[in-house]
Structure formats: C-alpha cells, structure tokens
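In case you want the letters, here they are:
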Amino acid sequence: MTEAILLVGGKGTRLRPLTVHTPKPMVPAAGVPFLTHQLARARAAGVDHIVLATSYLAEVFEPHFGDGSALGLHLEYVTEKEPLGTGGAIRNVAERLRSGPDEPVLIFNGDILTGLDIRALVDTHESTGADVSLHLTKVTDPRAYGLVPTDDTGRVLAFLEKPQTPEEIVTDQINAGAYVFSRSVIDTIPAGRPVSVERETFPGLLAAGAHLQGMVDSTYWLDLGTPAAFVRGSADLVMGRAPSPAVPGRRGDRLILPTARVASDAKLTGGTVVGEGAFVAEGARVCGSTILPGAVIEPGAVVTDSLIGSRARVGERSVLTGAVVGDGAVVGADNELRDGVRVWCDARIPAGAVRFSSDQ
C-alpha cells in the first residue's frame, strides 16, 4: 500500500468558535495541527502518497504542509467547489490516485484520533479479497452511531441507522471512520454530486452483492467533533494514551512549546499544552487544557479541561471549567465560566461579569 485519501473538507460546525478562522484538521492538538498526527501515523504504516480532499478554508493546508516532503510524504490537494459529502469527496480526488484497479487505497476521516493498526486493516482487506474493508470499533452506548453487524468471519451484514429502541441495538460495533477501498470501487461512486459513503455507497454496494469486510480494532478511538472531545484528545496525546509519532516533546503531564513562558509557581497538569508564544502567569493552575499560541493566562486563574484560543486572555482569578475561548477573546478578571460555555472570537467579558457563585 502506498497511497491514501484524507477527508479534510468539513466545516467543523460543532467545534465553533475554534473553527471560525481555522479548519478543524488544522486546530492544534498536542502542539501541532491535528492533521499532522494523522499524516505521521499513515507514513509510519508505509503510506507515501496522500491526497487531501479539502473544501472549507482549503487555502490553509498547502502553505503549512507544502508537498509533504518534511514528513517523508508526497501530498496533493484537491478542493471541492461545493461540498460533496464523504463519498463525493473520495470520487472527486480519484484522478490523482496512482493505484491499479485491484490495489488498496486507504481512506481516513479527518477528525478521528485512533490507535488503529493500519497495516492490519490493509492485510485484512487483501487476505479476504474484500471490495471495501472498514475499521469497526466497539462502544458501550451505540445509540449515537450507525451500527455495523458482521458475521463470524467479519463480513458486513448491514448498515443500520442510529437505533431508536433497545430492540434495534443488535451490535455494539460502529463504523470508526477508516476504510480500505479497492481502487476500482472508487470509480463506481457517482461523480459531480454529493454522496454519503455511510448512507449511499456502503448500503448500495452491499445490496449489489459486493464484499464488505469489517475489522474490529478496539484500541484508542475518539471522534474529535466537539470541543470537549478535542481537548481530551490533545491531553491524551500529550500523556501517551493516544499514539502519535508527531508529538513535539516527551510524553507526560504537560507540553510546553519552545517559545512559551510559564511562571515558576504556575501548575500545569493533566496533559496541558502551552503553545508557542503563550504565557501562563504566577499562581495560575491549568489542568487538561490547551492554551493556543499567543494566549495569556493571568495570575491566579484556574483553567480546567478548556481550550483557550490564539491571542486570547484569561483574567486574574477567573475560573474556567470545560470552556472554549475563541481567538482574540478576553475574559476579564474574577469571572466563572462553566461546562459548555463558548466565548466567541474577539469577544470581551468585563471583570466579574459572569459568575456561578457569590463574589464574596
């Protein structure tokens, strides 16, 4: 296997305001754009040619990664003029592929952090003679996912929509967002219109008698679609719970990028990342959080499981838990922001304006 397609065209709506100025795969996780981790893991598995299917803020990718040579890869970029869905995006880049009809093409969704054994998925595809092979993972509560039951050989039996009743939960196996397609199958996807592989391509192939193979790999797996999940994924990368050869430093409780500054009595724990040019002042406590480049955490602030955007500022003694602060925003002193709050880019919250407890 020598090539892959990375689907990086989504708008990242659930991650806003993180994705107002930055496409989701380019939001930093463990100190580098999340896409870097996926590219590095693909390269480690033997992939050398990757086509990026871009759409939203497509102009951001190539200036950062160039031709991919710094990562030992050859990268190409194809931009959709109109969003085409997962299947349409795959078909849209087909002309850039070099594989022969029967050769495997690896396909990744651009928002999944996983410990998948990529080589094992390709080996499964080739040894079973499948047309398409899918990475499946087991989840404790499958109600939020489409289900993929298989027979005792791993052959896919059906694709079931999100179950609505207990009786509909016939398996705990879900589509984990990584596939191997035989090259010829990609050419059967309709061109020039939106296509969903999950709702159209896979069920259609199954109905036509194609061989779809599932491989269950229940190592680390996380959909980074929400701010809380993204922050957790970054922390897991820093602490070594999630595998990546691209983390720029030793695994541990914290990752401080080279030009960041941290006061000697500030406390950083739980996989916290302090980005380039950021500053964490004296007496601040930051746990399990991502502080993006140029952000400032002022004295005595407490930041937990949160993401602080580029050039944003958290005021003295403010307490943030499960919060997202957009690029350039300012949270004044003595505020309390709790789980799920999103402060938009360049917003200004005055001192003591938002609290969940008395100010005394």
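What you see is a predicted model, and the numbers here were worked out from it, not measured in a lab.

## Comments concerning the overall build of the chain
Then step 1. What the chain contains, in helices and strands, is seven helices and 28 strands.
Then step 2. Relative to the compact-globule value of 21 Å for 360 residues, the chain shows a C-alpha radius of gyration of 22 Å, a close match.
Then step 3. By principal-axis analysis of the C-alpha atoms, the chain measures approximately 70 × 50 × 35 Å.
Then step 4. For the chain, buried positions account for 55% of its 360 residues.

## Comments concerning the pattern of salt bridges
Then step 1. Summed over the entire model, instances satisfying the criterion amount to 13 salt bridges.
Then step 2. Close ionic contact of Asp123 with Arg119 constitutes a salt bridge, the shortest N to O distance being 3.6 Å. Of this pair, Asp123 and Arg119 are both found in helix 4 (residues 118-128), four residues apart, which corresponds to roughly one turn of the helix.
Then step 3. Of the charged contacts, one joins Glu200 and Arg193 as a salt bridge, the two residues approaching to 2.6 Å between their closest N and O atoms.
Then step 4. Salt bridges linked by common partners bring Glu316, Arg317 and Asp334 together as one network.

## Quick look at the UniProt feature "domain: Nucleotidyl transferase" (unreviewed entry) in the chain
Then step 1. Within the UniProt annotation, "domain: Nucleotidyl transferase" (unreviewed entry) is assigned to residues 4-236.
Then step 2. As a span, residues 4-236 carries 26% helix and 23% strand, and end to end its C-alpha atoms are 25 Å apart.

## Describing the environment of Val354
Then step 1. With respect to the helices and strands, the residue Val354 is situated in the segment after strand 28 (348-349).
Then step 2. Residues Val354 and Ala229, spaced 125 residues apart in sequence, show a C-alpha to C-alpha distance of 25 Å.
Then step 3. Apart from residues no more than four positions distant in its own chain, Val354 is found in contact with Asp334, Asn335, Glu336, Leu337 and Ile349.

## Brief notes about the pairing of strand 4 (residues 49-54)
Then step 1. With respect to burial, strand 4 is a largely interior element, six of its six residues being buried.
Then step 2. What you see with strand 4 is no split at all: His49, Val51 and Ala53 on one side and Ile50, Leu52 and Thr54 on the other are buried throughout.
Then step 3. Relative to strand 4, strand 1 (residues 3-7) runs parallel, the two being bridged by five bridges. Paired with Ala4 across the bridge in strand 4 is Ile50.
Then step 4. Pairing of strand 4 with strand 5 (residues 74-79) involves six bridges; the strand directions are parallel.

Conventions we followed
Residues numbered from 1 in each chain as written. Predicted model: local features only at pLDDT ≥ 70, side-chain atom pairs only at ≥ 80, totals over all residues. Heavy atoms only, no water. Helix = DSSP H or I, 4+ residues; strand = E, 2+ residues; numbered from the N terminus. Rg over C-alpha atoms; globule rule 2.2 N^0.38 Å. Buried < 20%, exposed > 50% of the residue type's maximum accessible area, 1.4 Å probe, protein only. Salt bridge = Lys/Arg side-chain N within 4 Å of Asp/Glu carboxyl O. UniProt positions renumbered as here; feature names shortened; annotations may be inferred. Contact = heavy atoms within 4.5 Å. Pairing = 2+ DSSP bridges.

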